[in-house]
Amino acid sequence: MWLVWLVAFWAMQAIAQILFKYGTTAPERHLAGFVGGNVFGASSIWLLMLLYGVMNPNLALALGSAGGFLCAQISLAAVFRSSLTGAQIVGMVAVAGGMALFALGTKR
């Protein structure tokens, strides 16, 4: 079940960032983007709390925050058609590698 919570957390973080960016596309969208982004972003923390309860909290935070960051980056690039540079892609791979190392190095 923890994997479902983790993936849902990542998705909600990505949706929050998309809504925040959407809110910047026109002045009349500011409030909707702000409120929508906070609804998804703030409520996703409940899933992180569930993860804290079933795994090492340091691992839950590392996987949650880094994975949420990666999902948000990919989602923003896809939805708003912003291109990522080679260095940025290498950085994202490094973050994913760091997540793997953190998970492998965590005491059970």
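Reading guide: rules and limits
Residues numbered from 1 in each chain as written. Predicted model: local features only at pLDDT ≥ 70, side-chain atom pairs only at ≥ 80, totals over all residues. Heavy atoms only, no water. Helix = DSSP H or I, 4+ residues; strand = E, 2+ residues; numbered from the N terminus. Buried < 20%, exposed > 50% of the residue type's maximum accessible area, 1.4 Å probe, protein only. Contact = heavy atoms within 4.5 Å. Axes fitted to C-alpha atoms, helices over the stretch in contact; angles between N-to-C directions. Parallel < 35°, antiparallel > 145°, perpendicular 65-115°, else oblique. Left-handed = near helix turned anticlockwise from the far one by under 90°. Nonpolar A, V, L, I, M, F, W, Y, C, P; charged D, E, K, R; others polar. Phe/Tyr/Trp six-rings, centres within 6.5 Å; stacked < 30°, edge-to-face > 60°. Lys NZ or Arg CZ within 6 Å of the ring centre and 35° of its normal. Core = buried A, V, L, I, M, F, W, Y, C linked by side-chain atoms within 4.5 Å.

Regarding the overall build of the protein
No. 1: Tallying secondary structure elements over the protein gives 4 helices and 0 strands in all.
No. 2: Starting at the N terminus and ending at the C terminus, the protein contains elements arranged as α-α-α-α.
No. 3: Here the C-alpha coordinates of the protein stretch approximately 50 × 35 × 15 Å along the principal axes.
No. 4: For the protein, buried positions account for 32% of its 108 residues.
No. 5: Taking all contacts inside the protein whose residues are at least 6 apart in sequence as the whole, residues at least 24 apart take part in 72%.

Side note on the environment of Gly-37
No. 1: Assignment of secondary structure puts Gly-37 in helix H2 (residues 30-54).
No. 2: What makes Gly-37 buried here is its relative accessible area of 0%.
No. 3: Along the chain, Gly-37 and Ile-15 lie 22 residues apart, while their C-alpha atoms are 7.1 Å from each other.
No. 4: Not counting the four nearest positions on each side in its chain, Gly-37 is found in contact with Ala-16, Leu-19 and Phe-20.

Some remarks on the environment of Ile-45
No. 1: Mapped onto the elements of the fold, Ile-45 is located in helix H2.
No. 2: Taking the relative accessible area as the measure of exposure, Ile-45 reaches 38% and is therefore partly exposed.
No. 3: It is 9.3 Å that separates the C-alpha atoms of Ile-45 and Gln-13, two residues lying 32 residues apart in sequence.

Structural notes on the packing of helix H1 (residues 2-22) against helix H3 (residues 57-79)
No. 1: In the contact formed by H1 and H3, the axes pass within 8 Å of each other and the chain directions differ by 45°. What the angle tells us is that H1 and H3 run oblique. Of the two possible hands of crossing, H1 and H3 adopt the one that is right-handed. Taken together, the residues of H3 that come into contact with H1 (itself represented by Leu-6, Phe-9, Trp-10, Gln-13, Ala-14, Gln-17, Ile-18 and Lys-21) are Leu-63, Gly-64, Ser-65, Gly-67, Gly-68, Cys-71, Ala-72, Ser-75, Leu-76 and Val-79.
No. 2: Counted by class, the contact of H1 with H3 contains 10 nonpolar, 7 polar and 1 charged residues.

Comments concerning the packing of aromatic side chains
No. 1: Counting across every chain of the model gives 0 aromatic pairs.
No. 2: When the ring centre of Phe-80 is taken as origin, the NZ or CZ atom of Lys-21, which lies over that ring, is 5.7 Å away.

Side note on the nonpolar core
Among soluble globular proteins, nonpolar side chains are generally buried collectively.
No. 1: If you look at the biggest cluster of nonpolar residues, it comprises 17 residues, and the most contacted ones within it are Leu-51 and Met-99.
No. 2: Sorting the residues of this core by element identifies H1, H2, H3 and helix H4 (86-105) as the ones contributing at least two each.
No. 3: Setting aside anything within four residues of it in sequence, one finds Leu-51 in contact with Trp-2, Trp-5, Leu-6 and Ala-60.

Digging into unusual backbone geometry
No. 1: For Arg-81, which is not a glycine, the phi torsion comes out positive at approximately 50°.
No. 2: Mapped onto the elements, Arg-81 comes out in the loop between H3 and H4.

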